[in-house]
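Topology and contacts: notes
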Amino acid sequence: MDESRHPFLEGLSKHRGVPPTVAVIFGASGDLTARKLLPAIYNLGVDNLLPNEFHLIGFGRKPITDESFRDNMESAILEHSRRRIKGEIWQRVRANMTYNSSEYQDIDGYKALARKIDLLENKLGRKVQRIFYISTPPSVFEQIIESLGESGLAQANSNSPLASKVIIEKPFGRDLESANNLNNLINKVFQESQVFRIDHYLGKETVQDLLVQRFANAIFEPIWNREYIDCVQITVAEKLGVGNRGGYYDGSGALRDMVQNHTMQLVALTAMEPPLSLDPESIRDEKVKVIRSIQPLNLIGDNSDVVRAQYKEGLIDGEKARAYIDEDGIPKDSNTETYAALRLMINNWRWKGVPFYIRSGKRMALRTSEIVIRFKKPPGILFSGEKHFNVSDNTMVIHIQPNEGITLVMNSKVPGLETRMQPVKMHFSYATTFGSNTPEAYERLILDAMIGDSTLFIRGDETEASWKLLSPLLSFWEERGKEELKSYSAGSWGPSISDSLLAQKMHEWRN
Ligand code: BG6
């Protein structure tokens, strides 16, 4: 397909107004910069969405030269970009890339950065927009934000179209208290409109499409409530283990790494009320409201809403996979969960009584992220009683990834002289309809931040609302230690006790 005619890109024409920009990436020698950020920036260049004056400054502790930074980034793009490197476009991006090395606590490093940007502005004879992308380990987030303020780099003046912006990677806090502290600090240096908290799930096409499916179609919304929906299941499962991120992951666990952010965003977009308009604040208002409506979790007893587990050894695609505690960088006595499942009850008019089951885990049977809407059965008056009237639940499965698409499952008569029925599927596939080379989440997110559109970013009160729900659970798990930690075999669908979580209300996971 001719890339310039891709429907998504056509829809983006409003974005072609990125002002002259200097983007500083903190953590520039890290993995995320190489795997995601630089390939995304390069692809924006290919789509002609970068301004003519686009300058990139890598900032990191590693002492490397401008030239080797450029070489490293070139290799990263060769390895990770969805499109092949094109000489002229890459040369333009590459020529405007430099590197500053400094310890994160050294204010002189930030002053040197400020001088570099001033010099650049003098040379250009105009001011540029400053984007600060914080992609470091969370231990230095505070240090960087404070130093951006102290060195004058932040230039908090949110009224100007060139107002600087800060993009912050996850994890945003470890619990309610630390997230609040981080928010307070950020709000001293930047106005909320300048802050872009990343959750890369929001940049995924299928996640953005949730709003379109729900609110641009007349057929779903009337039945999207407790009258018709029996339960909702959200699964974010990975086949991979912790790889070389053991050090980070062991201090985090599935609840902090995936549930508090990615999974809760899927809950919010599935359950929120229609926003007043498509402006960022209207959408984010509705997301916060729904997260705030979630009932506090039951933590103990038969009625507990939570399951926590860690993988032991098992088989993935027929190959032996080691236990979590045998992975590199993981202590043998680790008490970190690699799987979490929760039952959420949303206490509002639309959802009262409808369980939202969510689960996320590493080393599971499949890599799949999906939202399953299970509808109530019709009144059992007509097709009941006989064994060939086996009425299945109607379900709608939104395949977030992979095999992006939507499947509707309904009952149909099997052709023949007697009346028998069978569940059949209606399927929409993004790849078949739109082609498969769609923009990566980070392309959309970086572009949106550069034009100041915060719709796909998390507002401060949203992070606080989800930490408020989950912090008591984290403290409870911490107190109980291994007592609450179950195990599951690598390559399975998680611990059997997570089936009981659903069985209590006669539900079953869709595996
Ligand atoms: C990251 C988590 O936020 O998301 C990782 O830190 C996880 O542990 C990743 O593997 C999953 O993202 P995706 O886009 O591959 O589903």
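Residues numbered from 1 in each chain as written. Predicted model: local features only at pLDDT ≥ 70, side-chain atom pairs only at ≥ 80, totals over all residues. Heavy atoms only, no water.

Description of the confidence of the model for the chain
The predicted coordinates of low-pLDDT regions are not to be read in fine detail. Definition in use: Note: pLDDT gives the predictor's confidence per residue, expressed from 0 to 100. Pairs of residues are marked as contacts when any of their non-hydrogen atoms sit within 4.5 Å.
Confidence in the prediction of the chain, expressed as mean pLDDT, is 93, and 96% of residues score 70 or more. Predicted confidence for residues 1–15 stays below pLDDT 50, and this span has 24 contacts to residues more than four positions away or in other chains.

Overview of the sheet that holds strand S16 (residues 420–429)
Using the following cut-off: Note on pairing: two strands pair once DSSP finds at least 2 bridges between them. The helix and strand labels rest on DSSP assignments: H or I over at least four residues marks a helix, E over at least two residues marks a strand, and numbering proceeds from the N terminus. Orientation is described by lines fitted to C-alpha atoms, with helices fitted over the stretch in contact, and by angles between N-to-C directions that extend from 0 to 180 degrees.
The strand order across the open sheet built from nine strands is S16-S15-S14-S13-S7-S12-S11-S8-S17, with neighbouring strands paired in mixed fashion. Each having just a single partner strand, S16 and strand S17 (485–489) make up the two edges of the open sheet. With direction set aside, neighbouring strand axes in the sheet form an average angle of 20°. Sheet topology note: the strand S15 (residues 405–414)/S16 ladder contains ten bridges and is antiparallel.

Quick word on the site of the ligand
To keep it simple, the criterion reads: We call a residue near a molecule or strand as soon as one heavy atom of that residue lies within 4 Å of the molecule or strand. Side-chain atoms alone can form a polar contact between residues adjacent in sequence; in general such a contact is a pair of N or O atoms within 3.5 Å, and within protein one must be able to donate a hydrogen while the other accepts it. Using the Shrake-Rupley algorithm and a 1.4 Å probe, accessible areas are obtained, with residue cover drawn only from the displayed protein chains. Side-chain classes are defined by residue name, with Ala, Val, Leu, Ile, Met, Phe, Trp, Tyr, Cys and Pro counting as nonpolar, Asp, Glu, Lys and Arg as charged, and the others, Gly among them, as polar.
Close to the ligand lie Lys 170, His 200, Tyr 201, Lys 204, Glu 238, Arg 245, Asp 257, Met 258, His 262, Lys 362 and Gln 401. Separating an oxygen atom of the ligand from a side-chain N or O atom of His 200 is a distance of 2.8 Å. In the model, an oxygen atom of the ligand is placed 2.5 Å from a nitrogen or oxygen of the Tyr 201 side chain. Protein chains shield 79% of the accessible area of the ligand, which is 400 Å² for the free molecule. Sorting elements by how many residues they give to the shell around the ligand places helix H10 (residues 254–271) first, with three residues. Broken down by class, the residue content of the shell around the ligand amounts to two nonpolar, three polar and six charged.

Digging into the pattern of salt bridges
Proximity of charged atoms lets side chains of opposite charge pair with each other. What counts here: Any carboxyl oxygen of Asp or Glu that lies within 4 Å of a side-chain nitrogen of Lys or Arg is treated as forming a salt bridge with it. The classification of residues rests on relative accessible area computed with a 1.4 Å probe and restricted to protein chains. Under 20% of the type maximum is buried, over 50% is exposed, and intermediate values are partly exposed.
Taken as a whole and assessed by the stated rule, the structure comprises 38 salt bridges. Across the salt bridge formed by Lys 170 and Asp 257, the nearest N and O atoms sit 3.0 Å from each other. Of this pair, Lys 170 sits in the loop between strand S5 (165–168) and helix H7 (176–189) while Asp 257 sits in helix H10; the two residues are 87 residues apart in sequence, bridging distant segments of the chain. In this structure, Lys 170 and Asp 257 share a single accessibility class: buried. The partner of Arg 284 in a salt bridge is Glu 281, and the shortest N-O contact between them spans 3.1 Å. Of this pair, Arg 284 and Glu 281 both sit in helix H11 (residues 280–292), three residues apart, which is roughly one turn of that helix. Using a relative accessible area of 2% as the deciding quantity, one classes Arg 284 as buried. A single network of salt bridges, built from pairs that share partners, joins Glu 67, Arg 70, Asp 71, Glu 74 and Arg 94.

Remarks on empty space enclosed by the protein
Remark: the empty space left among the atoms is shown by a probe the size of a water molecule rolled over them. Rules: Put plainly, a pocket is an open set of points on a 1 Å grid over the protein atoms alone with protein on both sides within 12 Å along at least five of seven lines, a cavity is a set where a 1.4 Å probe fits but cannot get out, and a lining residue has an atom within 4 Å of a point. Grid points are joined across faces, edges and corners, and a volume is the space filled by probe spheres set on the points.
Applying the stated criterion across every chain, the model contains five cavities of 30 Å³ or more. Its volume calculated, the largest cavity comes out at about 140 Å³. Together, 17 residues line the largest cavity, and Phe 172, Gln 260, Asn 261, Ile 458 and Thr 463 are the ones closest to its centre. Here the element with the most residues in the lining of the largest cavity is H10; it accounts for four residues. Classifying every residue of the lining of the largest cavity gives seven nonpolar, five polar and five charged.

Notes on helix H6 (residues 141–150)
To keep it simple, the criterion reads: Comment: arc refers to directions from the helix axis out to C-beta atoms.
Considered for burial, the residues of H6 that qualify are Phe 141, Ile 144, Ile 145, Ser 147 and Leu 148. Around the axis of H6, the buried residues are gathered within 165° of arc, so they sit on the same side. Residues of H6 that are buried in the fold lie against strand S1 (21–26), helix H5 (107–124), strand S4 (129–134), S5 and H7. Remark: Gly 152 follows H6 within two positions and exhibits a positive phi of approximately 85°.

Comments concerning a nonpolar patch on the surface
Let me state the cut-off plainly: Distance thresholds for patches are 9 Å for like charges and 5 Å for nonpolar side chains (Val, Leu, Ile, Met, Phe, Trp, Tyr), applied to residues having over 30% relative accessible area and no salt bridge.
The grouping of Ile 381, Leu 382 and Phe 383 at the surface amounts to a nonpolar patch, some 370 Å² of accessible area in total. With respect to the helices and strands, Phe 383 occurs in the loop between strand S13 (368–375) and strand S14 (395–401). Residue Phe 383 is classed as partly exposed on the basis of its relative accessible area of 42%.

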